[in-house]
Amino acid sequence: MLSSVPAVAGFIRPDIDWHAVAPELTLLAVGAVVTLLDIVLLERGRRFTSAMAGIGLLVALIPIVTLAAAGDTREMFGGAFVVDDFALILKAMFIVAAYVVVLLSTNYMAEGDYWENEYYGLLLSSVMGMVLMASARDLITIFVALELLSIPAYLLATWRKADPRSNEAGLKYYLMGVFASAIMLYGMSLLFGIAGDTRLSVISDAVSGTSSEPVITLGIVFIIVGFAFKVSGFPFHTWAPDTYEGAPTPVTAFLAVASKAAGFVALMQLVYAGFPGRDDVYQPVLWILAVGSMTAGNLIALRQDNIVRLMAYSGVSQAGFMLAPLAVAGDVGTDALPAVITYLLIYAAMNLGAFAVIIAVARRTASGEISSYAGLFRYAPGMTVLMSIFMFSLAGIPPLGGWFAKFAVFRAVVEADTGWGYSLAAIAAINSVIALFYYAKVARMMWFEDTPAGANTSALRVPLSLVSALAITAAATLLFGIYPAAITHFTDGTLLALP
C-alpha cells in the first residue's frame, strides 16, 4: 500500500478514504472551476457562474447519498475526521441550504453592480467549511473549518461596497468574529494543555477523569462563548442585527441559516464527544444562553419596524430554542441530539423561505420596512400566502413545520425530569406566545392594511430562480409539519458515532 511507503524526512502518508472526503473534494473542485471561468472568460463568465455553483452543489450531494447507502461509519486521521449519520444529515442540509441561497442570489447579483464570479467562489468556500465542520472531531479540524466558513462570510457581508451600511456590517461581523475566535481558541488551548491531545475522544477522557479544576471549567466556558457568537446567542448577538440589515439579503439568508447551523454542529460535537462528563459545567452556561436568547430576542423583536432586523432578532430567539435541548443533554443523553437536528432542518426551510419572500417583495418596494408590506395581498396574493406560512411556521403554529420543531424541543427538555428542564419548558412556552405577536404583525400588515397611496399595485413578477427557492422551502415547511415522519426517519436513533 502507498501508505506504508516512507516518504521524504520519514513522512508516512496516512490512509485516506476518498469516498468519505468526496463531498469536500467536489466542492473544492467546483470552486476551482468557478475561479478558472473567472480568469479565462472574465466578464463573459458571469452568465455561467451561478449555474455552475448550483450544479456543483447538487453534484456534491451524490457522494453523500452513496455514503448514506453504505451505512457504515468511517474514520480518518486517528478519529479527527468522522463520517457518520450525524455528519451526513448535516452535510446534506448545508448543501441544500446553499443551493437555495444560490437561487436567491442569481437575479439579485446579476441585476446589481456586484462581482458575481468571486461571490459564488466565496460562497462555495464557506460551504466547504461547513461540510468539513460536520465531520470534525478534533479541535484543530473544528477551528480550521470554522475559519474556512467565517472568513468568506466576512467578505460576503460587505459585498455592497458602495453602501456604508454594508461596510459597517462586514466590519462589525469581522471584529466580533475575530474577538470570539480568540476567546474560543484560548479555551481550546486550555483543554489541550489538560489532555495533551486535540482529539475530542482524548479530551473527553482527560476532562472527565479529572477533578473539577478551574482550568477545565474556564476552557469549556470560553469555547461555548466563542460558539455562542457564531449562533448569535444572547448576549453575544450584537453583531447580528446590523450585519443582517447591511449585508446583501441572500448573504443575510446564508448567515441566518447555514452559518448558524454550523455553530450548532460544533456545539453538539463538543457537548457529546468533547466533554460529555462535564454537564456540571456546560449545562448551566447553555441554560442561561437559551433563556437569555429566547427572552431578549423576542422582546427586542417586538419593537422592530424593519423586516430584516425583525428576522435577526427572531434568529436570536430561535437560537435559544435550539440551545434548550443541549442545556439538558447531561440528563437526557443522546435524546437531545435529534431535537436540535430536527429544529435545524425545519428552521433552515422556513427561514430561507421567509428571506426569499423578502427579496421578491423588495424588488418592487425597494424597502425593508414592515410598513411596505401593507396591502401586499391585493397585488401579490401568492407572496402573501407564502410569507404567512413561513411567519406562522416560525411561530410554531400547526400544521406547519415549526410546530414539530418546537414539539421536539419541549419533549427533550421535559424528558430531563428536572427542575431546570421544567423551568426551561415553561420559559419556552411563554416565549412562543410572545413571538406570535411580531410574526402576526407582518401577517396583519399584508392581509388587512391598505396599500400605501401611490404604490404600484400591478401584479408582482417573480424571477424563476426565486419561484424555485420558494417552491422548495414551502414544500419542506408544509411536509415537515403535516408528515413529521419525513424528518424523524433521518433524525431518530443514535446519530453521532461516539468513541
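Predicted model, so just to flag it, every value in this text is computed and none were measured.

A. Examining the overall build of the protein more closely. Of the regular secondary structure elements, the protein holds 20 helices and 2 strands. Over its C-alpha trace the protein gives a radius of gyration of 22 Å, about what one expects of a compact globule, namely 23 Å for 499 residues. When its C-alpha atoms are laid out on the principal axes, the protein stretches across 75 × 60 × 40 Å. Going through the 499 residues of the protein one by one, you find that 59% of them count as buried. In the protein, the share of contacts with a sequence separation of at least 24, taken over all contacts with a separation of at least 6, comes to 80%. For the protein, the accessible area works out to roughly 18700 Å², and carbon and sulfur atoms hold 68% of it. Charged side chains in the protein number 25 positive and 33 negative. The centres of these two groups are separated by 10 Å.

B. Unusual backbone geometry, seen in detail. Following Phe234, the chain continues into Pro235 via a peptide bond in cis, with omega recorded as 5 degrees. Along the chain, Pro398 connects to Pro399 via a cis peptide bond; the corresponding omega equals 5 degrees. Tracing the backbone through its elements, the reader meets Pro399 in the loop between helix H16 (381-395) and helix H17 (401-415). Even without being a glycine, Phe77 presents a positive backbone phi close to 55 degrees. Relative to the assigned elements, Phe77 resides in the loop between strand S1 (74-76) and strand S2 (81-83). What makes Phe77 partly exposed here is its relative accessible area of 44%. Even without being a glycine, Asp417 presents a positive backbone phi close to 55 degrees. Note on placement: Asp417 falls in the loop between H17 and helix H18 (419-448).

C. Representation of the pattern of salt bridges. As enumerated under the stated definition, the model contains 14 salt bridges in all. For Asp305, the salt bridge goes to Lys441, with nearest N and O atoms at 3.7 Å. Placement of Asp305 in the loop between helix H11 (279-301) and helix H12 (307-326) and of Lys441 in helix H18 is noted, with a sequence separation of 136 residues between them.

D. Representation of the nonpolar core within the structure. In terms of nonpolar packing, the biggest core is built from 179 residues, with Phe94 and Phe227 touching the most fellow members. The element best represented in this core is helix H14 (residues 336-365), accounting for 21 residues.

E. Inspection of the confidence of the model for the protein at higher detail. Summarising the model, the protein shows a mean pLDDT of 87, and 95% of its residues fall at 70 or more. In this model, residues 1-6 is a region of pLDDT below 50 whose contacts with residues beyond four sequence positions or in other chains number 9 contacts.

F. Region of interest: the environment of Ile95. As for its position among the elements, Ile95 is in helix H3 (residues 85-111). Ile95 sits in the buried class, given a relative accessible area of 0%. Excluding residues within four positions of it along the chain, Ile95 makes contact with Leu57, Ala60, Leu61, Ile64 and Val131.

G. Structural view of the packing of helix H5 (residues 139-157) against helix H10 (residues 249-274). Between H5 and H10, the shortest axis-to-axis distance is 11 Å and the interhelical angle comes to 170 degrees. Between H5 and H10, the interaxial angle falls into the category roughly antiparallel. Seen from H5, the contacting residues are Leu139, Ile142, Leu149, Ala153, Leu156 and Ala157; seen from H10, they are Val251, Leu255, Ser259, Ala262, Ala266, Gln269 and Leu270. Class assignment of the residues belonging to the contact of H5 with H10 gives a composition of 11 nonpolar, 2 polar and no charged.

H. Up close: the side chain of Asn298. Along the chain, Asn298 turns up in helix H11. In this structure the side chain of Asn298 is engaged in a polar contact, spanning 3.1 Å, whose partner is the backbone oxygen of Met294. Ignoring any residue separated from it by four or fewer positions in sequence, one finds Asn298 in contact with Ser293, Ser317, Asn431, Ile434, Ala435 and Tyr438.

I. How the structure looks around the packing of H17 against helix H19 (residues 464-482). Where H17 meets H19, the axes come as close as 6 Å, and the angle between the chain directions of the two elements is 50 degrees. With respect to H19, the element H17 is oriented oblique. Considering only the axes of H17 and H19, their crossing is left-handed. Residue-level inspection shows Gly401, Trp403 and Phe404 of H17 in contact with H19, the latter providing Thr477, Phe480 and Gly481.

J. Quick look at the packing of aromatic side chains. According to the stated counting rule, one finds 17 aromatic pairs in the structure shown. With a centroid separation of 4.7 Å and 20 degrees between ring planes, the pair formed by Tyr173 and Trp239 is classed as stacked. Taken together, the residues span a long stretch of sequence, with Tyr173 in helix H6 (residues 164-195) and Trp239 in helix H9 (residues 239-246) at a distance of 66 residues. Both residues of the pair, Tyr173 and Trp239, count as buried. Taking the centre distance of 5.7 Å and the plane angle of 75 degrees together, the rings of Trp403 and Phe404 count as edge-to-face. A relative accessible area of 25% places Trp403 in the partly exposed class. Phe404 gets classed as buried once you look at its relative accessible area, which sits at 7%. Pairwise contacts between aromatic rings join Tyr154, Tyr173, Tyr174, Phe229, Trp239 and Tyr244 into one cluster. In this structure, Lys161 packs its charged tip against the face of Trp159, placed 4.1 Å from the ring centre. Between the NZ or CZ atom of Lys406 and the centre of the ring of Phe321, over which it lies, the distance is 4.6 Å.

K. Fine view of H12. Given a rise of 1.5 Å per residue, 20 residues ought to cover 28 Å, and the 29 Å separating the end C-alpha atoms of H12 matches this to within 8%. The buried count for H12 comes to 20 of 20 residues, which makes it a mostly enclosed element. A side-chain oxygen of the first residue of H12 lies 2.9 Å from the backbone nitrogen of Val308; this N-cap is Asn306.

L. Focus on a nonpolar patch on the surface. On the surface, Leu171, Tyr174, Leu175 and Val178 cluster together to form a nonpolar patch covering roughly 370 Å² of accessible area. Summarising the element assignment, Leu175 is placed in helix H6.

Definitions and cut-offs
Residues numbered from 1 in each chain as written. Predicted model: local features only at pLDDT ≥ 70, side-chain atom pairs only at ≥ 80, totals over all residues. Heavy atoms only, no water. Helix = DSSP H or I, 4+ residues; strand = E, 2+ residues; numbered from the N terminus. Rg over C-alpha atoms; globule rule 2.2 N^0.38 Å. Buried < 20%, exposed > 50% of the residue type's maximum accessible area, 1.4 Å probe, protein only. Contact = heavy atoms within 4.5 Å. Areas by Shrake-Rupley, 256 points an atom, 1.4 Å probe, with all protein chains shown as cover. Lys, Arg positive; Asp, Glu negative; His and termini not counted. Charge placed at Lys NZ, Arg CZ, Asp CG, Glu CD. Salt bridge = Lys/Arg side-chain N within 4 Å of Asp/Glu carboxyl O. Core = buried A, V, L, I, M, F, W, Y, C linked by side-chain atoms within 4.5 Å. pLDDT = per-residue confidence, 0-100. Axes fitted to C-alpha atoms, helices over the stretch in contact; angles between N-to-C directions. Parallel < 35°, antiparallel > 145°, perpendicular 65-115°, else oblique. Nonpolar A, V, L, I, M, F, W, Y, C, P; charged D, E, K, R; others polar. Polar contact = N/O pair within 3.5 Å; in protein donor to acceptor, adjacent residues only side chain to side chain. Left-handed = near helix turned anticlockwise from the far one by under 90°. Phe/Tyr/Trp six-rings, centres within 6.5 Å; stacked < 30°, edge-to-face > 60°. Lys NZ or Arg CZ within 6 Å of the ring centre and 35° of its normal. Expected span 1.5 Å × (residues − 1). Patch = residues over 30% accessible without salt bridge, like charges linked within 9 Å, V, L, I, M, F, W, Y side chains within 5 Å.

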